[in-house]
Amino acid sequence: MKYSAIFLAALACCPAVQAADHDQHQQHHTHLTSSPAGVMADHVHAKGSWMFSYTWMHMRMDGMRDGTSGVSDGKVLKKYMVTPENMDTDMHMFGAMYAVNDDFTLMAMAPWIKKSMQHKTRMGKRFTTGSEGVGDVKLSGIYALSNRGNHQVLVNFGVSAPSGDINEKDNTPAMKNARLPYPMQLGSGTWDLLPGLTWTLSRGAHSWGAQTQGTVRLGDNDNNYSFGDRIEVSGWGAYRFLPSWSASLRLKGQAWGDVDGNDRQLNKNVVPTADNDLQGGQRIDFLAGVNFYAPAGVFSGNRLALEGGIPVYENLDGPQMSTDWMLTANWQMVF
Ligand SMILES: [Cu+2]
């Protein structure tokens, strides 16, 4: 009682504290975090509240790599008939979150994916293949082991359903309607487990977070293979430089395995993307982002976030396509 009286007295006479309290109240009310745009499932919501989100992700891949060094087209074409030159991936992800109670939030995510890959043949001819459609739908639960406003420890567990197509086809110079190689498919074809752990801390205008997430494939898909398991570890810091704006820096490391088994409609001697043993790797990305929170009023509860990054380390079972840069834009709306 005594402390709260002192606190109230301080509130009444100090505009700075009032502002800070208002800020905290607003953030608490809306549960919009200062985590970067590319970080998902990093928070829980207050009982009964909903969040809807839309995320657009773009990834550009350019050139080939074996281990940590680049490999020229010419070198790849000495062994293979075809080499990929570059690839663009766009993902439009629609998400919904619902808080069953203050410590447990459900999350669903449905992606629409578009991929395009440009190739060069040994004869010097160029061609492009594409795929587009629904990806794997993910359902998860996020449970707060510790949930004290400015400090949270969350455990995530989810499943990824095989809703994305693994029979994508397109025309190549050698064949009409050819089965596209592993990186061009839209889903894994398997049910996957998605365990994760998230830690976040905020102190005034500063906030920090760390997250690890796994993807564990269950069994083989209908085309006789499974994608490699994946682990991601991410750490970030953010700073609120204006009441409605924050900026973030993040390092994200990930490792993923080769394809286990192989799609019998693919010929691994033609192009390296069709070789199940040339799919695994490790990568560390450096990312910078900015978040905007709509001030109180009609748009209160809305957050817009943008994050872009480049790899600073890449080690691939190659020759395999090398990542050039990535960009994520995200809109969140809390009710
Ligand atoms: Cu949310």
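Structural data are supplied above this passage.
Visitor: Just give me the short version of the packing of aromatic side chains, but keep the residues and values in it.
Guide: Under the defined criterion, the tally for this structure stands at 9 aromatic pairs. Ring geometry for Phe52 and Phe335: centres 5.9 Å apart, planes at 75°, overall edge-to-face. Here Phe52 is found in strand E1 (residues 50-67), whereas its partner Phe335 is found in the segment after strand E17 (302-334), with 283 residues between them in sequence. For Phe335, a relative accessible area of 57% gives the class exposed. Aromatic side chains Tyr54 and Phe94 sit 5.4 Å apart centroid to centroid with 40° between the ring planes, which places their arrangement in the tilted category. Highlighted residues: Tyr54 in strand E1 and Phe94 in strand E3 (residues 82-101), separated in sequence by 40 residues. Overall, the relative accessible area of 27% leaves Tyr54 in the partly exposed class.

Visitor: Tell me about the coordination of the copper ion, residues and numbers included.
Guide: Ideal geometry at a metal centre gives angles of 109.5 degrees when four donors are arranged tetrahedrally and 90 or 180 degrees when six donors are arranged octahedrally. In this structure, His43 (NE2), His45 (NE2), Met51 (SD) and Met97 (SD) serve as the protein donors to the copper ion, at separations of 2.0 to 2.4 Å. Around the copper ion, the 4 donor atoms sit at angles spanning 100 to 118°, and that spread fits a shape best called tetrahedral. Look at where the donors of the copper ion fall in the sequence and you get H-x1-H-x5-M-x45-M. With Met51 in strand E1 and Met97 in strand E3, the pair connects residues that are 46 residues apart, well separated along the chain. For Met97, a relative accessible area of 3% translates into the label buried.

Visitor: Requested: an account of the pairing of strand E7 (residues 151-160), with residues and values cited.
Guide: Burial along E7 is one-sided: the face carrying Gln152, Leu154, Asn156, Gly158 and Ser160 is buried and the face carrying His151, Val153, Val155, Phe157 and Val159 is not. The sheet contact formed by strand E6 (residues 138-148) and E7 spans 10 bridges and is antiparallel. Looking at E7, one finds that Tyr143 is bridged to Val155. As judged from the 10 bridges shared by E7 and strand E10 (residues 191-203), these two strands associate in the antiparallel manner. Pairing of Phe157 across the sheet is with Pro195, part of E10.

Visitor: Lay out the pattern of salt bridges in plain terms, naming residues and giving numbers.
Guide: Under the definition given, this model contains 9 salt bridges. Its salt-bridge partner being Arg250, residue Glu307 comes within 2.9 Å of it at the nearest N-O pair. On the criterion of sequence distance, the pair formed by Glu307 in strand E17 and Arg250 in strand E14 (residues 245-256) is long-range, its members being 57 residues apart. The two residues Glu307 and Arg250 agree in class, both being buried.

Visitor: I'd like a description of the environment of Tyr239, backed by residues and values.
Guide: Tracing the backbone shows Tyr239 in strand E13 (residues 230-242). Distance from Tyr239 to Tyr225, taken between C-alpha atoms, is 44 Å for residues 14 residues apart in sequence.

Visitor: Before we move on, can you summarise the pairing of strand E5 (residues 126-134) with the specific residues and values?
Guide: Note: strand E4 (residues 104-121) against E5, 9 bridges, orientation antiparallel. Each residue of the ladder has a partner; that of Lys120, found in E5, is Arg126. Taking the residues between adjacent antiparallel strands as the criterion, E4 and E5 are bridged by 4 residues, where Gly124 takes a positive phi near 95°.

Visitor: How would you sum up unusual backbone geometry? Please name residues and give values.
Guide: With an omega of 5°, the peptide bond between Gly318 and Pro319 qualifies as cis. Topologically, Pro319 is positioned in strand E17. Backbone geometry places Ala41, a non-glycine residue, at a positive phi of 55°. Tracing the backbone through its elements, the reader meets Ala41 in the loop between helix H2 (15-30) and E1. Despite not being glycine, Asn177 has its phi angle at roughly 55°, a positive value. Relative to the elements of secondary structure, Asn177 occurs in strand E9 (residues 175-179).

Visitor: Tell me about the nonpolar core, and please be specific about residues and values.
Guide: If you look at the biggest cluster of nonpolar residues, it comprises 14 residues, and the most contacted ones within it are Met107 and Ile142. At the level of elements, E3, E4 and E6 are the ones that each hand at least two residues to this core. Residue contacts for Ile142: discarding those within four places in its chain leaves Ala41, His43, Val44, Met97, Asp103, Phe104, Thr105, Met107, Leu154, Val155 and Asn156. Counting residues in each nonpolar core, the second largest holds 11 residues, with Val71, Tyr80, Met117 and Leu180 among its members.

The rules we used
Residues numbered from 1 in each chain as written. Predicted model: local features only at pLDDT ≥ 70, side-chain atom pairs only at ≥ 80, totals over all residues. Heavy atoms only, no water. Phe/Tyr/Trp six-rings, centres within 6.5 Å; stacked < 30°, edge-to-face > 60°. Helix = DSSP H or I, 4+ residues; strand = E, 2+ residues; numbered from the N terminus. Buried < 20%, exposed > 50% of the residue type's maximum accessible area, 1.4 Å probe, protein only. Donors = N, O, S within 2.8 Å, 3.2 Å for Na, K, Ca; no water. Tetrahedral: all angles 85-135°; square planar, octahedral: opposite > 155°, others 65-115°. Pairing = 2+ DSSP bridges. Salt bridge = Lys/Arg side-chain N within 4 Å of Asp/Glu carboxyl O. Core = buried A, V, L, I, M, F, W, Y, C linked by side-chain atoms within 4.5 Å. Contact = heavy atoms within 4.5 Å.

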